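A look at the structure
Single-letter residue listing:
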Amino acid sequence: LSKIMVRVLAFILVLLMLSGTLYYLFDFLFLAINAQEYNLDLMIRVGLMYGSGVTVGFETTAERGFSLGYVDSQNRYTALKQVADAVLAVTCDANLNNTNRTFTITDSQYPAVGGYHIEISGQNLYQYYDTIAVLVSSCGYTPFPAYINGEFKIRAGSFGTEGMALAALQSLPENLIQTVSSISGSIKTVSPSSTAVSVVNPYTNAIVFELDSANRSIGLGMEALQVPGAETAYMITPANNKYEGVFDFRRNFSEYKDGVALTNIVTLEQYTLGVLPYEIGANWPAEAQKAFAVAVRSFVLSHLGKHNKAYGFDVCNGTDCQVFRGVGSANDNVRQAVDATAGQVLVYNGTIARTFFSSSTGGTTVSAADAWNSNPLTYPYLAAKPTPWEHYAEHTYGEWKAEVSPTELCNALRAKGYTLLRGAIADIKINSTGQNSTYITSITFTDIYGTPVTINTSDNIRIALSAHVRSANFQVAPAGQTVVLTDYFYPDAVHVFGVSGKSAISTAQVYRESPA
């Protein structure tokens, strides 16, 4: 018997499902305003490493060294120490092995980095740091500052066990103990903490700073040192992305695994610089760059706090929000566009508009109501729009096709939660498309046992079929049948855009699997 292949032919890669920010701008750009009245002096938290993506240690480079400190709940950074190290890793506070600058947690009593330390506390300890550090160093233990639950401490040593740390404590000279006593201080040993992070030189394994926040309200702040008169310094990640602003490191607080979560705290304009080159390219025409800069600001401001409950930041750095990879690719074109539109956003009835966008649309977009079943009055400006000027077939994913067997399709749908389906898909029926749009808004799959499952809204359809399709703008047919696709043009297209007629028909070539 032969297995019939189900072919899905479709147009468009919709990065955020609802398309057309660039196209909405034709209608709404005149509403772009200087948005200072919307309190744009805020700082934006962008998640770079989080959830299952955290690692035990994350390495960062800054040519002139780093400023280290803490970040409070208001995103305010307070510097506590400057270091000349050009490369630092922020790690879990634990016994660590280091293999080629990659850290792992170990049970060994003789780790590369020990999680047990001597800790000195005292009033106004910050101003006595240099004096005490000299005394600690004379004992053979490397001192480093620490910010522990809101208090400045001095820690020393990197021991593999509590016993080793206690033995070191008992060997401290009398002059050090007296100095600490004179400022009403105390000395004790401390063990690794599940809420703490360490800053380590990955070449020498020397700890240079630690931070612990038991209630996770404070993060370890890191900033590239800026030298007056020199070019701007950046923090550079292993992926060679350059970032401005402050890095906020916190011990991972999700259920996925133990590691260090990383958030970049930036201004609105720094954020915009870090999105434009990766969403539309750094060399697009100037007016497109300007329009997109306005859209980027509007999108992020209308989505602030999207991931706060789950991860503690406003937006992520991927296509679920907007692709953000720092300012390394922000050339003069991008910077001029951002500067020319600084502080401008799109508004509708006094509220910042939700400006979604996509790489291509395949002849038309889809409305918010059809994409998400939202009230049409909620986002009236997110209506379906024709895009007859778009040469989508020339884009990488502007026109695409996918093949999937009936059994594979059933398994893919079951994996997305449609467990009523029990066997190979025998029939697919497109029930409806969006208003003034070719996006599917209702589709029914029926298995070989006659069980039907209907999926509604274009976004749910895209998600359900995401293993095989790139959007909800497609046609479907079994092998042996021809698929005819035509572009959507609205009647006044000739008058507005100077185009007429329909595109050439795209006909499917039919494939059939070899007999089983």
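Residues numbered from 1 in each chain as written. Predicted model: local features only at pLDDT ≥ 70, side-chain atom pairs only at ≥ 80, totals over all residues. Heavy atoms only, no water.

1. Observations regarding the overall build of the protein chain
Across its full length, the protein chain carries twelve helices and 31 strands. Within the protein chain, the fraction of its 516 residues that count as buried is 52%. When contacts within the protein chain are restricted to residue pairs at least 6 apart in sequence, long-range pairs at least 24 apart make up 68% of them. When the accessible area of the protein chain is evaluated, it comes to approximately 23,500 Å², of which 48% is carbon and sulfur surface. (Helix = DSSP H or I, 4+ residues; strand = E, 2+ residues; numbered from the N terminus. Buried < 20%, exposed > 50% of the residue type's maximum accessible area, 1.4 Å probe, protein only. Contact = heavy atoms within 4.5 Å. Areas by Shrake-Rupley, 256 points an atom, 1.4 Å probe, with all protein chains shown as cover.)

2. Topic: the pattern of salt bridges
Pairing is possible between side chains of opposite charge, provided their charged atoms come close. Under the counting rule described, the total for this entry stands at twelve salt bridges. Where aspartate 248 meets arginine 45, a salt bridge forms, and the shortest distance between an N and an O atom there is 2.9 Å. Of this pair, aspartate 248 sits in strand β19 (residues 246-251) while arginine 45 sits in strand β3 (residues 44-49), placing them 203 residues apart in sequence. Across the pair, arginine 45 and aspartate 248 agree in class, each one buried. For the salt bridge of aspartate 320 with lysine 306, the shortest nitrogen-to-oxygen distance reads 3.4 Å. Taken as a pair, aspartate 320 in the loop between β21 (315-316) and α8 (332-340) and lysine 306 in the loop between α6 (286-301) and α7 (308-311) lie far apart in primary sequence, 14 residues in all. Look at aspartate 320 and you get partly exposed, because its relative accessible area is 42%. Three or more residues are tied together by salt bridges with common partners; here these are Arg45, Asp248 and Arg250. (Salt bridge = Lys/Arg side-chain N within 4 Å of Asp/Glu carboxyl O.)

3. Topic: the environment of alanine 196
Within the secondary structure, alanine 196 is located in strand β14 (residues 196-200). On the basis of relative accessible area, alanine 196 is assigned to the buried category, the value being 3%. Distance from alanine 196 to aspartate 212, taken between C-alpha atoms, is 4.1 Å for residues 16 residues apart in sequence. Contacts of alanine 196, omitting those with residues within four sequence positions, involve Thr91, Cys92, Asp93, Leu211, Asp212 and Arg251.

4. Let's talk about the sheet that holds β21
Strand order in the open sheet formed by seven strands is β6-β5-β16-β19-β20-β3-β21, and the pairing between neighbours is mixed. Only two strands of the sheet have a single neighbouring strand rather than two, namely β6 (77-83) and β21. Pairing between β19 and strand β20 (residues 260-266): six bridges, direction antiparallel. Across the sheet, the residue bridging to arginine 251 is valine 260, located in β20. (Pairing = 2+ DSSP bridges.)

5. Observations regarding the sheet that holds strand β26 (residues 425-433)
Pairing in this open sheet of three strands is antiparallel, and the strands run β26-β27-β28 from one edge to the other. Bordering the open sheet on either side are β26 and β28 (452-456), each of which pairs with just one other strand. Strand-to-strand twist of the sheet, defined as the mean angle between neighbouring strand axes without regard to direction, takes the value 15 degrees. Two strands pair when backbone bridges link them, and strand β27 (residues 440-447) and β28 are joined in this way by five bridges, in the antiparallel orientation. Its bridge partner being in β28, threonine 446 is matched across the sheet by proline 452. Packed onto the sheet, helix α10 (residues 406-415) meets β26, β27 and β28 and runs at close to 60 degrees relative to β26. (Axes fitted to C-alpha atoms, helices over the stretch in contact; angles between N-to-C directions.)

6. Focus: the packing of helix α5 (residues 268-279) against α6
Following both chains from N to C, one finds α5 and α6 inclined at 120 degrees, their axes separated by 9 Å at the closest point. Viewed along their axes, α5 and α6 adopt a mutual orientation that is oblique. The two elements α5 and α6 cross, and the hand of that crossing is right-handed. Residues Leu268, Glu269, Tyr271, Thr272, Val275, Leu276 and Glu279 of α5 form the contact with α6, whose own contacting residues are Gln289, Phe292, Ala293, Val296, Arg297, Val300 and Leu301. Residue classes in the contact of α5 with α6 are distributed as nine nonpolar, two polar and three charged. (Parallel < 35°, antiparallel > 145°, perpendicular 65-115°, else oblique. Left-handed = near helix turned anticlockwise from the far one by under 90°. Nonpolar A, V, L, I, M, F, W, Y, C, P; charged D, E, K, R; others polar.)

7. Comments concerning unusual backbone geometry
Residue arginine 101 is not a glycine yet carries a positive backbone phi of 70 degrees. The topology assignment puts arginine 101 in the loop between β8 (96-99) and β9 (102-105). Notably, serine 184 is not glycine yet its phi reads approximately 60 degrees, a positive angle. Within the fold, serine 184 resides in the loop between α4 (174-182) and β13 (186-190). Take serine 184: its relative accessible area is 56%, and that puts it in the exposed class.

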